[in-house]
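# Structural overview
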Amino acid sequence: MITRSQRSIRGVVLAAALAILAAGCLPAPATEEAQQVTTLYGVFVAIAAVIALIVFGLATWAILRHRQKPGDPLPDQSHGSLRVEFIWTAIPVLIILGLFAGTLAVLGRVDAHNPNPGVELRVEAFRWGWTFSYPGSGVSVTGITPDGPEAVLPVGEPIKIVVASHDVIHAFFVPVFLFKRDAIPGRESAFDVTIDEPGTYRGQCAEFCGIYHSRMPFSIRAVSRAEFDQWLASQPRASPPAEGSPVASP
Amino acid sequence: MTAADTPIGPAGASGAVRGERGDLLTWLTTTDHKRIGILYLVASFGFFLVGGLLALGMRAELTVPGLQFVDEQTYDQAFTMHGTIMMFLFGTPMVAAFANYLVPLQVGAADMVFPRLNALSFWLFLFGGVIVLSGYLAVGGAADVGWTGYVPNSELHFSTTTGTDLWIVGLALTGVATILGAINFTATIYGRRAPGMSMLRMPMFCWNILVASILILFAFPALTGALAMLLFDRRFGASFFDPSEGGDPVLWQHLFWFFGHPEVYILALPFFGIISEVIPVFSRKPLFGYRAMVFATIFIGAYSMSVWAHHMFTTAAINLPFFALSSFIIAVPTGIKIFNWVGTMFRGKLTFPTPMLFATGFIYLFVIGGITGVIVASPPLDFHFQDTYFVVAHLHNVLVGGSVFGIFAGVYFWFPKITGRRLDERLGKLHFWSWLVGFILTFLPQYQLGADGMPRRYPDYAANPGWTELNAISTVGSLLLGLGMIPFLAAVVLALRRPPDQGNDPWEANSLEWWTTSPPPHHNFTSLPPIRSERPVFDARESRR
């Protein structure tokens, strides 16, 4: 026979497996903001696992233990219980208020704008590619090669990224940033990231934009400040105004 | 089974309906709510098979990286038509199918309040659907803009095919059909309830249809308006959504999701209603917390009008905390429903014929869909998951694991009422288990793919570590879902070849449709039992024991 503790251990293992199976693990975060998102996600998944364990446990218990056997009389015709309804209304309300508080805290960090960003990167999306430029420097990278263009950015300082589009809606998505932002024609929007780790990170378009939507890769190469300055100085620069067709002003 | 031995309610009279079958003209001109319900059921199921084949085609393409079977254009049309068909030509009319057949029977009425309007709404839906599909005959092919049709990508400059115009016009027609149906259901529920059936004695299915109908009346006009604006942009030189002419692409998203999120509940509530009918019958208990369920249904309906912009978190054009909180809050009444279903099963006397299997499967799968819904309702998390396979997995968890499982629970449950015949239990169990396993294999790996950052609407993807394996598992699962339809279709064909043998109340059920014959006569009832609770047929059966 299985003891009660064995059964509860099995339950916990099952719930953990289910939570991972169902919700999935995030990629290792590459920015300070993404670390906060990872923590928040961990909290959500943990609470989700507990709730799923409770519901699945109760339902499975009922399925296994409350079967009708031949000749059984009608069960107790209970119409419900106000007390129980109150409990399973109040507890979820408290849980979602907690999740909302956590969301607000992380949102405040992810959505924050530093008034003095170390670098500004301008991202202009078009069908089907990207132009990365560094305002004020005259440096601009456009690429529609199989691997797309590469933006070089320094680690360890806030970077302001401004996103815009020339034609339809695209979305600038770097999975290890755990972040994406829509590039909407006629609007510009900005966000900050602070990259932790040097490395090359792939990105892609995430909003359906027509036939070659899946062929808009790009990459972000994060390097030290010194390497970044060196790279920027070595780039050919267009005489202003910078190359590229104009973006509709907001 | 046992109920066939103890018939209650009037006997006979079913011959009248069967005698008329085979006369095509009577089907084309019918205003009988039951026949219109059957027409809706068959037509939307036909669209379901088309949409399902498109999904299998997409899964085949995604099995391994690279383009093997289709090019980008074909793939874009496939996911556009798959989403459009499943939402507008299968899900929404399936609500009308069940509501048409069941609402008059459950409230003890002879027919709907407006029978001819009812027929009109079916034919508008059918021809609207055919117009949407006819895009495949257009020179440029079917619509290729996604079921959400985001502008400016759906403007003529970017989507040049006439298929997109046919998509707009066809959807506008089906939208009008849906609105007419909702008017009819609302009027029938308010105006045709049998003596004794107060609102709080009404079956939960009717409550859900009432709330879904009111949602339709609010939501669908927004869609119709948005589609008209898009058509004007494309063909008549308007620029509602064109930023270079002062229009706003974000306006489309507001209009679309102002319809689109209530639509999710329009596609969920009626099937919640089916689950609320099926679980008490096979638990031999009343629904746990009937009034709480009514309250939760109304609350979900009201709140679903204020969550639409959670589809737009990544636009940076909306108030994030407001839409996050309202989206979180709607999880509470949804949770109440799930707890009440489990509470109904608890200490019941459970049996598991096929309808109950699908209803139980629904609970497990819907819980996962609900929980992942709370995850994507948090903007910082959604910034990562938006437009990835995580969202694909979540929405299918809700709409397939939820709504479609509910639909199958309902089909197996009411098939004896509609046809007088039972669907074979062994085939039904084969159907259920292949769908449960198929669902898990298809959609759970997609959560991981989405967490890894695999975007949706890609015909091809990078061979990142694990992606090929996860995609291959997902494709195998989808194959299982496809094969699972074979036992279901076989069960339907086999059942229809047998003579009708079901009594009035084969499941020992609760609501009024089980009082009359299977199938019911033309005007449904020759008598009604006294209605003193939400379970009049149960009360009548018990008082005879």
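Our structure's up above, just so we're on the same page.
## Notes on the interface of chain B and chain A
If you look at the interface, chain B gives 73 residues, while chain A gives 71 residues. Mapped by element, the contributors of at least two residues to the side of chain B that touches chain A are α5 (72-107), α9 (249-266), α11 (290-303), α12 (320-329), α13 (331-345), α14 (354-376), α15 (379-385) and α17 (425-451) of chain B. Looking at the side of chain B that touches chain A, its residues break down into 44 nonpolar, 19 polar and ten charged.

## Section: the pairing of strand β2 (residues 129-134) of chain A
Residues and elements named next belong to chain A. Along β2, six of the six residues are buried, which leaves the element largely enclosed by surrounding structure. Side chains of β2 alternate between two faces, with Gly129, Thr131 and Ser133 and Trp130, Phe132 and Tyr134 buried alike. By the bridge criterion, five bridges tie strand β1 (residues 119-126) to β2 in an arrangement that is antiparallel. Within the sheet, the bridge partner assigned to Glu124 lies in β2 and is Thr131. As consecutive antiparallel partners, β1 and β2 are separated by two residues. In terms of strand pairing, β2 meets strand β3 (residues 139-143) through five bridges, oriented antiparallel. The residue of β3 that forms the bridge with Tyr134 is Val139. The hairpin formed by β2 and β3 contains four residues between the paired strands, and Gly136 there has a positive phi angle of roughly 95°.

## Focus: the sheet that holds strand β7 (residues 179-183) of chain A
Strand pairing in a sheet relies on backbone hydrogen bonds, with the paired strands running either antiparallel or parallel. All names here are of chain A. Overall, mixed pairing links the five strands, which are arranged β4-β10-β9-β6-β7 in an open sheet. The open sheet has two edge strands, β4 (150-154) and β7, and neither has a second partner. Taken over all neighbouring pairs, the strand axes of this sheet differ in orientation by 25° on average, direction set aside. Where strand β6 (residues 170-174) meets β7, five bridges bridge the pair, whose relative direction is antiparallel. The residue of β7 that forms the bridge with Ala171 is Asp182. Where helix α4 (residues 225-234) meets the sheet, it contacts β4 and β10 (218-223), and its direction lies at approximately 135° from that of β4.

## Overview of the sheet that holds strand β5 (residues 158-165) of chain A
All names here are of chain A. Strand order in the open sheet made by the five strands is β3-β2-β1-β5-β8, with mixed pairing throughout. Edge positions in the open sheet fall to β3 and β8 (189-194), since each of these has one partner strand only. Mean inter-strand twist for the sheet, computed between neighbouring axes without regard to direction, equals 20°. In this structure, β5 lies alongside β8, joined through six bridges in antiparallel fashion. Bridging across to β8, Val162 finds its partner in Ala190.

## Observations regarding helix α16 (residues 389-419) of chain B
Residue Phe413 of chain B marks the point of greatest curvature in α16 of chain B, where the axis turns by about 40°; the proline Pro416 of chain B follows within four residues. Taken from the residues just after α16 of chain B, Gly420 of chain B is the one with a positive phi, measuring 80°.

## Some details on the environment of Ala55 of chain B
Residue and element names in this part refer to chain B. Looking at the element boundaries, Ala55 is found in helix α4 (residues 33-62). With 22 C-beta atoms packed within 10 Å, Ala55 lands in the buried category. For the pair Ala55 and Ser434, spaced 379 residues apart in sequence, the C-alpha to C-alpha distance is 17 Å. Each residue touching Ala55, except ones within four places of it in the same chain, is listed here: His82 and Ser478.

Conventions used here
- Residues numbered from 1 in each chain as written.
- Chains lettered and ligands numbered in written order.
- Predicted model: local features only at pLDDT ≥ 70, side-chain atom pairs only at ≥ 80, totals over all residues.
- Contact = placed C-beta atoms within 7 Å.
- Helix = DSSP H or I, 4+ residues; strand = E, 2+ residues; numbered from the N terminus.
- Nonpolar A, V, L, I, M, F, W, Y, C, P; charged D, E, K, R; others polar.
- Buried ≥ 20, exposed ≤ 12 C-beta atoms within 10 Å, placed from the backbone.
- Pairing = 2+ DSSP bridges.
- Axes fitted to C-alpha atoms, helices over the stretch in contact; angles between N-to-C directions.
- Bend = angle between axes of the 7 residues up to and from the residue.

From the geometry alone we can't say anything about function, so treat these as descriptive.
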